[in-house]
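One-letter residues, chain by chain:
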Amino acid sequence: MEAEVIEAELVLPTYLSFKRVQMYEKYPKGQSRGRHWKHLKQILQAENYRNYPPDEPNYVNIESPPSMHPCKRLCDMTGYEAPYYDPRTNLRYANAEVFKLVRSLPSEYVQRYLALRNAAVVLK
Amino acid sequence: MVCFCSQLNRPGQRHWSIIFSTASRERLKKKKMPFISKIKRQTDYNLFPSSTPIVIDNGASYFRIGWAGETEPRVIFRNIVQRPRHKTTGETVSIVGDHDPALLKYFDCTRSGPRSAFDNDVVYQFEIMEYILDFAFDRLGANGSGIDHPVLITECVCNPVHSRSKMAELLFETYGVPSVAFGVDTAFSYKYNQQHGICGQDGLAICPGFSTTHVIPFVGGEPVYRGSCRTNIGGYHVTDYLKQLLSLKYPHHMARLTWEKVEDLKMEHCYIAPDYFSEARLFQKGTKEAEDKTRCWQLPWVPPPTEEPPSEEEIARKAAIKERQGQRLREMAEAKRSSRINELENELHGLGFLLRQLEQVEANDIPSFLSATGYVSKQEIESSLAKVTQSLRKAKGEPKSEQAEVEEKTEASMNEKYPLIHIPDNMLTSEQVLNPKEPKLKKKKKKCIIIAIVIKLLLAMVSIQLKEKRRQIFLKTTTEGRQRAKQKRVEEGLERERKNQEDEERRLENPELYAEQMRAKYKELSERIDQRKRLKTNGSHTNGNNTSGGVGRGERLNAAQRERMRLLTTAAFDRGKGEDTFGAKDEDWQLYKLMSRDNDDDDEGAEADEAELARVSSRLQEIDPKFVPKQELVPPQSAAEAPRLRPLTKEDFQIVLGVERFRCPEILYHPNLVGIDQVGLDEMTGVSIRRLPSKDEDLEQRLTSSIFMTGGCCLFPGMSQRLEAGIRMIRPCGAPINVVRALDPVLDAWRGASLYAAKLQFTEQTFTRMDYYEKGEDWLRRYQLRYTL
């Protein structure tokens, strides 16, 4: 290790005195680590919230509902108000100049703009 | 407009410096506190008794740890872990928090990005959590065996019991903590501010955090989770949105737009507009206000070294040097020429002398005499003499007319040189072959001796004569051809001159009409070229994506390709059934000639047209000052490509934040803009109030009259006004609405927790290891802190 790295104490030391079980004992090398952690979706499924009274607050209960207000239509590229949308690419645009830009975009950028809005076509 | 640059100094510390600012009345508002990481190892761990709790604010953005009862956390760092490999030793190490990028160059960070233990706002990766806790306790100064203090740690609202139990297990088993308490950070913040009188006992706490936003109503000082509400949008999404927008707008600066940098930009420049559309309209119209609000980030850019216009002396000096060099060259050339002339003259004299000598010598002795000098015959000497005189004349630089004479002379001599051409074949004799120009020298040969030899030679050498004759014919025709070509060129030049003169006359007599004609011709030519080009690229059906040329889905072939297809298919299917007899006849192969001719025609025509166009445009440029040659219609491609056609300027290295400044935080109010189908901040309050178990007008009024904002994201300027306006829209008319902000939205959660843990009754709220194992998971699920002690 280089001197300055040691000095800056960048690296986490492997042995810590206050720990009862060290990291290398808990997660021995060679074993696949981290793949056995449950993701949030799996955690929530395992929680079985259905078995409990519905008016008790739990993680899934307190999620917000979809919005009641009409959704704002913004131009994807400039951010202005966009009353129109391009049927070929599904992008929203504000006026004719922006439309020129929209039509001239390569398809990679089109997909990225749509992905911002979560409206991209995802092929699985 | 204000421009600035930024520098990263030490780990976690950033400061901004302004390079220059135009005359703008916009004074910089009071700067927000930048998030600072403190990771210095604390030394006073042993000074604290075992009863002092350790307070941890485990946030998705920052991890804060400190002692109960203090006002500032001791150690703060970003809640991420990297596991890069060291470049030289090859071992994999763990690095917690954000560090000086200069030190990270010793590590190979390509495979290991920063990882967080959180998914949304729930801890799920406990290995990473363990690294983080290791680091935190280590920096707090922990030594000895085990952490012997009670720990108060924050969690998210309604934390799933799986996460909670794993966390408790981690603390109990690995660190040996005696007792643990879990609390919600928003509640701690609310209680802290309530004690300072900012908010009342009943109120609504709104916490836009890093990855989620919560709204929790407080009744009687306790949070009512049944009325709480969570939207999965937060500061992370705002930064991500800004990063993607800027990357799409400036693709060639993508490398500079790192996540940390964009976060800094967001913190410094983003604000919330009171009404989105009216603000957007300001920018759309390009008003002065919009100009003021636009910020521009100048990336470091070194302009190419500009050559200063040289001063007078410079010019004079350079001219003098050039003059001198020219003079020297001329002198050298002069010297060479004169030496060459001398040489030639000498040679001439020598040859002349030789000739005179030759005349004096007898005819018989000529061969032997000449062999000494190196020439074979008198004719040769004469021809070399002629050459030398000619070159001498050239060297002396005599006018061309003489040269023409000389050329004529050479022509005449040429005719002499090819006498054989005029003699028909059968009359050639061997003598003429051997000595084509010297019949005189053959005199007193003894005929009787050599007749036989001569006849033999004749027979053998007829073929050589023929060959010789053919060679001379060939030479003559080629030289003639060359002369003809030269003449044609001269004629063409004359013709062009004549045409130009005519043009000039026409122009002088009627400039207007001439210009008009020229312009019309230019337009016509350019149209023709455009049309041809359009035909070639199948019109503008491509999405600007000019990779066409080949046949793609749905792209029609142009005329030439269609024609080829037709020819090929008819050829293939025209023949008899079942048997392909294409190629049996020779005419079949003419097919390919047809196809290629179709293609070639176009090209030739195009070339001629383009040459003509160039000529006409240059002409127009000369005569008409207003004429601007129409630029080639390059299809407008994304802004990234256009700058490459001209030298890069300073503007190319500027990133302009105009609409993005208020477009990005807007997603907190409208998560629909990024595709998250949930309510925004203002509507959330309505939802929360609706969800309250009891419907009480009075209570609702009390709630809305004390709306409390905390969390990192509420530091955007303009947040309070917007929230107030939004809530007013959904509450009945006349309801009291009062939006207040926490004293320090970022650190108040930790401070509240610290204050809470310092109270004596805190120990009742904790649970020990025994409790955890005895009472089981169900009890843990129902475990909630009581915040009013």
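In what follows, the structure referred to is the one given above.
The structure displayed is predicted, hence computed values, not measured ones.

S.K.: Got a minute to help me understand the nonpolar core in this structure?
M.R.: Inside soluble globular proteins, nonpolar side chains tend to come together where they are buried. All names here are of chain B. The biggest cluster of nonpolar side chains holds 79 residues, and the ones touching the most others in it are Met 129 and Phe 137. Considering each element in turn, this core owes the most residues, ten residues, to helix H1 (residues 126-140). Three or more residues apiece are contributed to this core by two domains, here domain 1 (2-192 + 746-782) and domain 2 (235-295 + 658-741). Within the second largest apolar cluster, 72 residues are counted, among which are Leu 204, Ile 233, Tyr 669 and Leu 699.

S.K.: Looking at this structure, how should I read the interface of chain B and chain A?
M.R.: Many structure descriptions define interface size as the accessible area lost when the parts assemble. Listed as interface residues are 94 residues of chain B and, on the opposing side, 68 residues of chain A. Of the roughly 7300 Å² buried at the junction of chain B and chain A (both faces included), carbon and sulfur atoms supply 56%. For the interface between chain B and chain A, the tally reads seven salt bridges. In this structure, B:Asp134 engages A:Lys19 in a salt bridge whose closest nitrogen and oxygen atoms are separated by 2.9 Å. Linking chain B to chain A there are 32 residue pairs in polar contact (both at pLDDT 80 or more). Looking at the side of chain B that touches chain A, the elements that each hand over two or more residues are strand E8 (95-96), H1, helix H2 (161-175), strand E17 (229-231), helix H4 (235-249), helix H6 (276-285), helix H19 (681-691) and helix H21 (719-730) of chain B. Counting residues per element, the side of chain B that touches chain A draws most heavily on H1(B), at nine residues.

S.K.: Even after reading the chapter, I still don't get the packing of aromatic side chains, so can you show me in this structure?
M.R.: In this description, a pair of aromatic rings is defined by centroid distance and the angle of the planes. Residue and element names in this part refer to chain B. This model, assessed by the stated rule, comprises 30 aromatic pairs over all chains. Centre to centre, the rings of Phe 48 and Trp 67 are 4.1 Å apart; their planes meet at 15°, and the pair counts as stacked. In this pair, Phe 48 sits in the loop between strand E2 (14-21) and strand E3 (54-58) while Trp 67 sits in strand E4 (residues 62-67), placing the two residues 19 residues apart along the sequence. Here Trp 67 falls in the buried class, since its relative accessible area comes to 0%. Judged by centre distance (4.1 Å) and plane angle (10°), the rings of Tyr 190 and Phe 218 are stacked. Remark: Phe 218 occurs in strand E15 (residues 213-219) and Tyr 190 occurs in helix H3 (residues 185-195); sequence separation between them is 28 residues. Across this residue pair, the class does not change: Tyr 190 and Phe 218 are buried. Among the aromatic residues, ring-to-ring pairing joins Phe 172, Phe 182, Phe 767, Tyr 772, Tyr 773, Trp 779 and Tyr 783 into one connected group.

S.K.: Would you mind going over the pattern of salt bridges with me for this structure?
M.R.: Side-chain pairs of opposite charge can arise whenever the charged atoms involved come near each other. For the structure shown, the criterion picks out 39 salt bridges over all chains. Here B:Asp202 and B:Arg702 are joined by a salt bridge, their closest N and O atoms 2.6 Å apart. Taken as a pair, B:Asp202 in the loop between H3 and strand E14 (203-208) and B:Arg702 in helix H20 (residues 697-704) lie far apart in primary sequence, 500 residues in all. According to the relative accessible area criterion, B:Asp202 is buried, its value standing at 14%. Among the ionic contacts, a cluster of salt bridges with common partners joins A:Lys19, A:Lys26, B:Glu130 and B:Asp134.

S.K.: Got a minute to help me understand unusual backbone geometry in this structure?
M.R.: Glycine aside, a negative phi is what most residues show, and trans is what most peptide bonds show. In this model, A:Asn118 sits at a positive phi of 60°, which is unusual for a non-glycine residue. Tracing the sequence through the fold places A:Asn118 in the segment after helix H5 (107-116). Overall, the relative accessible area of 56% leaves A:Asn118 in the exposed class. Despite not being glycine, B:Cys158 has its phi angle at roughly 55°, a positive value. For B:Cys158, the location among the structural elements is in the loop between strand E12 (151-155) and H2.

S.K.: Honestly, the side chain of B:Arg164 in this entry has me stumped. Any pointers?
M.R.: All names here are of chain B. Within the fold, Arg 164 resides in helix H2. Judged by its relative accessible area of 3%, Arg 164 is buried. Setting aside anything within four residues of it in sequence, one finds Arg 164 in contact with Glu 155, Asn 159, Phe 182, Leu 780, Arg 781, Tyr 783 and Gln 784.

S.K.: Quick question: what am I supposed to make of the environment of B:Asn342 here?
M.R.: Residues and elements named next belong to chain B. Here Asn 342 is to be found in helix H8 (residues 312-360). Classification of Asn 342 by relative accessible area gives partly exposed; the value is 44%. In this structure the C-alpha to C-alpha distance between Asn 342 and Leu 392, which are 50 residues apart in sequence, comes to 9.1 Å.

S.K.: Please explain the pairing of strand E18 (residues 295-298) of chain B as it appears in this structure.
M.R.: Taken residue by residue, a regular strand's side chains alternate between the two faces of the sheet. Residues and elements named next belong to chain B. Side chains Arg 295 and Trp 297 of E18 all project onto a buried face; the interleaved residues Cys 296 and Gln 298 project onto the opposite face, where all are buried too. The pairing of E18 with strand E19 (residues 654-657) spans four bridges and is classified as antiparallel. Of the residues in E19, the one forming a bridge with Arg 295 is Leu 657.

S.K.: Honestly, H21(B) in this entry has me stumped. Any pointers?
M.R.: What sets the pattern is the α-helix's 3.6 residues per turn: residues three or four places apart point alike. With twelve residues, H21(B) extends 17 Å between its outermost C-alpha atoms, agreeing within 8% with the 16 Å of an ideal straight helix rising 1.5 Å per residue. Where H21(B) is buried, its residues contact E14, H19, strand E20 (707-709) and strand E21 (739-741) of chain B.

S.K.: How should the sheet that holds E4(B) be read in this particular structure?
M.R.: Each strand in a sheet pairs with another by means of backbone hydrogen bonds, the pair being arranged parallel or else antiparallel. Residue and element names in this part refer to chain B. Taken in spatial order, the six strands of this open sheet run E5-E4-E3-E12-E13-E22, and their pairing is mixed. Edge positions in the open sheet fall to strand E5 (75-78) and strand E22 (767-768), since each of these has one partner strand only. In the sheet, E3 pairs with E12 via three bridges, with the strands oriented parallel. Pairing of Ile 56 across the sheet is with Ile 153, part of E12. On the sheet, helix H22 (residues 748-757) packs against E3, E4 and E12 and is oriented at approximately 150° with respect to E3.

S.K.: What is the right way to look at the side chain of B:Thr186 in this model?
M.R.: Residues and elements named next belong to chain B. Topologically, Thr 186 is positioned in helix H3. Judged by relative accessible area, Thr 186 falls into the buried class, the value being 2%. Contact partners of Thr 186, with chain neighbours within four places excluded, come to Ala 205, Cys 207, Ile 216 and Thr 710.

S.K.: I tried to follow the packing of H2(B) against helix H24 (residues 769-782) of chain B on my own but got confused; where do I start?
M.R.: Two quantities define a packed helix pair, namely the angle between the axes and the distance from one axis to the other. Residue and element names in this part refer to chain B. H24 packs onto H2 with a crossing angle of 170° between their chain directions and a minimal axis gap of 10 Å. Between H2 and H24, the angle is such that the two are roughly antiparallel. Residues Val 161, Arg 164, Ser 165, Ala 168, Glu 169, Phe 172 and Glu 173 of H2 touch H24, and the partners they reach there are Arg 769, Tyr 772, Tyr 773, Glu 777, Leu 780 and Arg 781. Its residues placed into classes, the contact of H2 with H24 shows six nonpolar, one polar and six charged.

S.K.: Explain the packing of H4(B) against helix H5 (residues 259-269) of chain B to me, please; I cannot follow it from the model alone.
M.R.: Residue and element names in this part refer to chain B. It is the contact of H4 with H5, at a shortest axis distance of 9 Å, that shows an interaxial angle of 105°. Viewed along their axes, H4 and H5 adopt a mutual orientation that is roughly perpendicular. On H5, the residues touching Gly 235, Tyr 236, Val 238, Thr 239, Asp 240, Leu 242, Lys 243 and Leu 246 of H4 are Trp 259, Val 262, Glu 263, Leu 265 and Lys 266. For the contact of H4 with H5, the per-class residue count stands at seven nonpolar, two polar and four charged.

Reading the values: the criteria
Residues numbered from 1 in each chain as written. Chains lettered and ligands numbered in written order. Predicted model: local features only at pLDDT ≥ 70, side-chain atom pairs only at ≥ 80, totals over all residues. Heavy atoms only, no water. Core = buried A, V, L, I, M, F, W, Y, C linked by side-chain atoms within 4.5 Å. Buried < 20%, exposed > 50% of the residue type's maximum accessible area, 1.4 Å probe, protein only. Helix = DSSP H or I, 4+ residues; strand = E, 2+ residues; numbered from the N terminus. Domains from an automatic or database assignment. Contact = heavy atoms within 4.5 Å. Buried area = accessible area lost by both parts, 1.4 Å probe. Salt bridge = Lys/Arg side-chain N within 4 Å of Asp/Glu carboxyl O. Polar contact = N/O pair within 3.5 Å; in protein donor to acceptor, adjacent residues only side chain to side chain. Phe/Tyr/Trp six-rings, centres within 6.5 Å; stacked < 30°, edge-to-face > 60°. Pairing = 2+ DSSP bridges. Expected span 1.5 Å × (residues − 1). Axes fitted to C-alpha atoms, helices over the stretch in contact; angles between N-to-C directions. Parallel < 35°, antiparallel > 145°, perpendicular 65-115°, else oblique. Nonpolar A, V, L, I, M, F, W, Y, C, P; charged D, E, K, R; others polar.

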